[in-house]
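Here are the chains, one letter per residue:
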Amino acid sequence: MTTVRVRLTLIYSGLFLLTSVILLVTVNLLLSQALDRRIAGLPVAPVAPLPGMANDRPPRLPELVDEVISYQWGVTALTVGILALVSVVVGWLVAGRILRPIHRITATAQRLSLSTLHERIALVGPKDELKELADTFDAMLDRLERSVEGQRRFIANASHELRTPLAVQRAAIEIGLPEDVGEIRDKLLLHNRRTESLIDALLVLAQAEHGLENRVPVALDQVVRLVLAEAGSDDVTLTTRIEPFAVEGDPVLLNRLVTNLVDNAVRYNHPGGTVEMTLSHGVLTVANTGPEVPRERFGDLFEPFRRLHTTREQGAGLGLSIVASIAKAHEAEVRANPHPGGGLEVVVDFAAHRPSYADIQV
């Protein structure tokens, strides 16, 4: 598949060569016709043979003209070959210079993310089509940046406005209801906690999908150890193998990623099952026993509000979708594989973006 630069080079070279060939062929044909007419109009005088050349004919003028024309055609062919090489080189350089603003626009578009929307192409030069394209792209980035900032402000406001009433409601249930309505009280508190968890998950998901504003080096191994120290289950055995590793990102979101992986592995397990967590060379792997996941359902694992199994602690179906969004915000790859004997293996690969293991935060 040829690039635009190659196609432009071929067009420039083809037009230049076509014009050159037409010009040289026309000059040669006109020169040959002019010489033939001039020679035909010259008087023919007998030429006496020179001594010692009785058996040889003296060279005639028409034969000399044929030799000149033949030489001229040879020079023309050589000239066309040289011009072909020169036109390709010049066409390649000219096409590259013309496409340089396009490369700048492409590089900027590839570099941009939700955390670098403040960057602009700011192309300078004459008011041509490429300048107009760059200015249009910059204007689109202005609108996109304003939209993202508005959504971030909405998320921050929603976080406060939604959590505060739920906290007040929970306090009213715990304090205001009498002891003789214990069953109703427990049910209200359960639904209150589920609503808080759902709102918290949705806000984290929205924050992750809108990218990272600030990145700091984070000791991922310390985050994993902290989450494992707070996690625990009497029915499931946790085994770990953790190596030091640092990643550029948000420590709070990374903590949520690891927490969701552990919670998902424990929740979708069976009594007496195991959870194996490994962090090696920047690859975080969480494998758990449990129900078998059909291969045709693997595409639904990272979609929001998708539940593959019913458990005692029914979740909102946002755990792995939050993991996928946080991983994407940290430019990491996430994938799921079937675990031998049932269960799931989730892999998050941070190895492609590794900072120095210094000045890290947990």
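Look up a bit, the structure's there.
Source: prediction; values computed, not measured.

(A) Expanded view of the overall build of the protein chain. Each helix and strand in the protein chain was counted, giving seven helices and seven strands. When its helices and strands are written in sequence order, the protein chain yields α-α-α-α-β-α-β-β-α-β-β-α-β-β. The proportion of buried residues among the 362 residues of the protein chain is 33%. The long-range share in the protein chain, meaning contacts at least 24 apart out of those at least 6 apart in sequence, stands at 69%. Accessible area for the protein chain stands at about 22,600 Å²; split by element, carbon and sulfur atoms hold 60% of it.

(B) Spatial organisation of the pattern of salt bridges. Applying the stated criterion across every chain, the model contains five salt bridges. Note that Arg-241 and Glu-243 form a salt bridge whose closest N and O atoms lie 4.0 Å from each other. Members of the salt-bridge network, linked through shared partners, are Lys-127, Lys-131 and Asp-135.

(C) Inspection of the nonpolar core at higher detail. In terms of nonpolar packing, the biggest core is built from 41 residues, with Leu-257, Val-258, Leu-261, Leu-284 and Phe-350 touching the most fellow members. Those elements that provide at least two residues to this core are helix H4 (182–209), helix H5 (220–230), strand E2 (236–242), helix H6 (251–267), strand E4 (273–280), strand E5 (283–288), helix H7 (319–329) and strand E7 (344–349). Ranked by residue count, the leading element in this core is H6, at seven residues. Setting aside residues up to four positions removed in sequence, Leu-257 forms contacts with Leu-284, Val-323, Ile-326, Ala-327 and Phe-350. Core analysis: the next-biggest nonpolar cluster, separate from the first, contains nine residues, Ile-105, Leu-112, Ala-134 and Leu-141 among them.

(D) Highlighting the sheet that holds E4. Strands sit in the order E2-E4-E5-E7-E6 across an open sheet of five strands; the sheet is mixed. Where the open sheet ends on each side, the last strands, each with one partner, are E2 and strand E6 (333–338). Taking each pair of neighbouring strands and ignoring which way they run, the sheet shows an average axis angle of 10°. Strand direction decides the pairing type here: E4 and E5, joined by six bridges, are antiparallel. Within the sheet, the bridge partner assigned to Val-275 lies in E5 and is Asn-288. H6 rests against E2, E4, E5 and E7 of the sheet, and its axis sits at about 20° to E5.

(E) Region of interest: the packing of H6 against H7. Packing of H6 against H7 leaves a shortest axis separation of 9 Å and a crossing angle of 145°. The chirality of how H6 crosses H7 is left-handed. Every residue of H7 that contacts H6 at Leu-253, Leu-254, Arg-256, Leu-257, Asn-260, Leu-261 and Asn-264 is listed here: Gly-319, Leu-320, Ile-322, Val-323, Ile-326 and Ala-327. In terms of residue class, the contact of H6 with H7 is built from nine nonpolar, three polar and one charged.

The rules we used
Residues numbered from 1 in each chain as written. Predicted model: local features only at pLDDT ≥ 70, side-chain atom pairs only at ≥ 80, totals over all residues. Heavy atoms only, no water. Helix = DSSP H or I, 4+ residues; strand = E, 2+ residues; numbered from the N terminus. Buried < 20%, exposed > 50% of the residue type's maximum accessible area, 1.4 Å probe, protein only. Contact = heavy atoms within 4.5 Å. Areas by Shrake-Rupley, 256 points an atom, 1.4 Å probe, with all protein chains shown as cover. Salt bridge = Lys/Arg side-chain N within 4 Å of Asp/Glu carboxyl O. Core = buried A, V, L, I, M, F, W, Y, C linked by side-chain atoms within 4.5 Å. Pairing = 2+ DSSP bridges. Axes fitted to C-alpha atoms, helices over the stretch in contact; angles between N-to-C directions. Left-handed = near helix turned anticlockwise from the far one by under 90°. Nonpolar A, V, L, I, M, F, W, Y, C, P; charged D, E, K, R; others polar.

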